[in-house]
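Structural overview for review
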Amino acid sequence: MTERLYLSGPDVGVVERAAILRAFDSGWIAPVGPDLTAFEAELSEITGWPGSVALSSGTAALHLALLAVGVGDGDDVLVPTATFVASANAVRYVGARPCFIDSESASWNMSPELLERELADRARSNRLPTAVIVVDLYGQCADYDQIVPICRAYDVPIVEDAAESLGATHRDRPAGTLGDIGVFSFNGNKIVTTSGGGAIITPTAVVADRIRHLATQARVTARHFEHDEVGYNYRLSNLLAALGRAQLSRLTEMSERRRAISDAYRAALDSRARGAADVPDDETVEFMPIAPWGEWNGWLTCAIVGSTQRRDDLIRALGAVDIESRPLWKPMHLQPAYRDVPALVDGTAERLFDRGICLPSGSALSDADVERVIATASAALGPAGVAQ
Ligand SMILES: *Cc1c(COP(=O)(O)O)cnc(C)c1O
């Protein structure tokens, strides 16, 4: 009997168990406590931004980040179409309307070219968006060398959805600090998990204080319950923050492991790269390009297979031996929930969705697990490129 292999299973063990028990025994079962405060301080240390607020999910963090940059009823927000649905849903939560922008091919993140075209169009008709959400997809930063100056030129703030990219960098700057406010997720499948959780980081403590206030029902200091605006119950609990601290202490190690797993897939299937000798088009595999502007955190190894048929066969073959794999994110402009939303697309995200696959990438996978994925994938991809 072999064990089921997951796409991005949690990597938790003795360090995490001890941290939770310590927090439990300390008596700080209440939502706030010393581990929560320390977790936020550690996030600030990692990112270099003084304002951090730990929250109950990445989605809650996106919601409050949009409020913090002033997005409200009737506003427009540009969002990449290639993302997880939470990026778009948060826009709806504040009564605004998303408009989707397609990806570029160097990192699969938001296309600066399409972004600029959309902003120029909107500037001409006085319809500039209130914010742009830039997502760092699959553990890799977007092209901020281009995106930041474009957004600055139109004076539109950037909300960086770094939910998948904690620990990645762009020209030595940590993911989360490339825009005006950054969001992380600590969901069970993310690189660092608190089982469920998220965070916001900002360069100013005042903004962080305002977010913390909104996240705790907007309660003001008084003997009775006094609330100066409509708030939310979005704080992370102290117990989960203890788990988060243990995970953060292993972030470098876990990123290295995920990148090593990705390198193993790339090395084993490299002879199938497009253009390699004797590989029929439909048996090719193109891995997500790693753009030269930064280091990725290895979150998910993704690739484009030569044809949709071949990709579907591959997912089926892996599933038959209990290995989880999935297509890439279905573009938002194709989602029933966002049917009527405007989109500036050129087919890139649709191609990624039609032929893309995410392979098991969790840092707890053993070398033998990775070998099992490679052997099954090689057989399913067809005879070309199989080592002689
Ligand atoms: C996971 C994820 C989120 C949401 O985070 P949760 O903690 O699951 O709410 C938002 N955006 C992206 C890009 C994600 O991958």
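None of these values were measured; they are calculated from a predicted model.

All chains considered together, the criterion is met by 24 salt bridges. Among the salt bridges present, the one from Glu 42 reaches Arg 245, with a minimum N-O distance of 2.9 Å. In this pair, Glu 42 sits in helix H2 (residues 34-47) while Arg 245 sits in helix H8 (residues 238-248), placing the two residues 203 residues apart along the sequence. Taking the relative accessible area as the measure of exposure, Arg 245 reaches 29% and is therefore partly exposed. One network of salt bridges, with partners in common, ties together Asp 11, Glu 16, Arg 250 and Glu 253.

Along its sequence, the chain is carved into domain 1 (14-250) and domain 2 (252-381). Of the roughly 3700 Å² buried between domain 1 and domain 2, counting both surfaces, carbon and sulfur atoms make up 61%. Looking only at domain 1, the three residues that lose the most surface to domain 2 are Trp 108, Tyr 138 and Arg 250, adding up to 24% of its buried area. Linking domain 1 to domain 2 there are one salt bridge. Between Glu 253 and Arg 250 there is a salt bridge, with its nearest N and O atoms 3.2 Å apart. Run the count over domain 1 and domain 2 and you get 26 residue pairs in polar contact (both at pLDDT 80 or more). Looking at the side of domain 1 that touches domain 2 element by element, the count peaks at five residues for strand E3 (residues 97-101). When grouped by side-chain class, the residues that make up the side of domain 1 that touches domain 2 number 20 nonpolar, 14 polar and twelve charged.

This next bit is on the site of the ligand. Around the ligand there are 16 residues in total, and Gly 58, Thr 59, Glu 164, Ser 185 and Lys 190 lie nearest to it. The separation between an oxygen atom of the ligand and a polar main-chain atom of Gly 58 is 2.7 Å. Separating an oxygen atom of the ligand from a side-chain N or O atom of Glu 164 is a distance of 2.6 Å. Contact with the protein chains covers 93% of the free accessible surface of the ligand, which is 380 Å². Elements that contribute at least two residues to the shell around the ligand include exactly helix H3 (58-68) and helix H4 (86-93). Here the shell around the ligand is built from residues that sort into five nonpolar, eight polar and three charged.

In spatial order, the strands read E12-E13-E15; together these three strands make up an open sheet with antiparallel pairing. Looking at which strands have only one partner, the edges of the open sheet turn out to be strand E12 (285-287) and strand E15 (356-359). Going across the sheet, the axis of each strand differs from the next one's by a mean of 35°, ignoring polarity. Note: E12 against strand E13 (residues 301-305), three bridges, orientation antiparallel. Residue pairing across strands places Val 285 opposite Val 305, the latter belonging to E13. Packing of helix H11 (residues 348-355) onto the sheet brings it into contact with E12, E13 and E15, and relative to E15 it is tilted by some 60°.

Now for the nonpolar core. Counting residues in hydrophobic clusters, the biggest one holds 90 residues, and the most contacted among them are Leu 115, Tyr 138 and Ile 200. Here the element with the most residues in this core is H3; it accounts for six residues. Both domains that furnish three or more residues to this core are identified here as domain 1 (14-250) and domain 2 (252-381). Setting aside its immediate chain neighbours within four residues, Ile 200 contacts Gly 51, Ser 52, Val 53, Leu 55, Ala 61, Leu 64, Ala 65, Ile 181, Gly 182, Val 183 and Ile 211. One finds Tyr 265, Leu 314, Ile 374 and Ala 377 within the second-largest nonpolar core, a separate group that totals 20 residues.

Rules and cut-offs
Residues numbered from 1 in each chain as written. Predicted model: local features only at pLDDT ≥ 70, side-chain atom pairs only at ≥ 80, totals over all residues. Heavy atoms only, no water. Salt bridge = Lys/Arg side-chain N within 4 Å of Asp/Glu carboxyl O. Helix = DSSP H or I, 4+ residues; strand = E, 2+ residues; numbered from the N terminus. Buried < 20%, exposed > 50% of the residue type's maximum accessible area, 1.4 Å probe, protein only. Domains from an automatic or database assignment. Buried area = accessible area lost by both parts, 1.4 Å probe. Polar contact = N/O pair within 3.5 Å; in protein donor to acceptor, adjacent residues only side chain to side chain. Nonpolar A, V, L, I, M, F, W, Y, C, P; charged D, E, K, R; others polar. Near = heavy atom within 4 Å. Areas by Shrake-Rupley, 256 points an atom, 1.4 Å probe, with all protein chains shown as cover. Pairing = 2+ DSSP bridges. Axes fitted to C-alpha atoms, helices over the stretch in contact; angles between N-to-C directions. Contact = heavy atoms within 4.5 Å. Core = buried A, V, L, I, M, F, W, Y, C linked by side-chain atoms within 4.5 Å.

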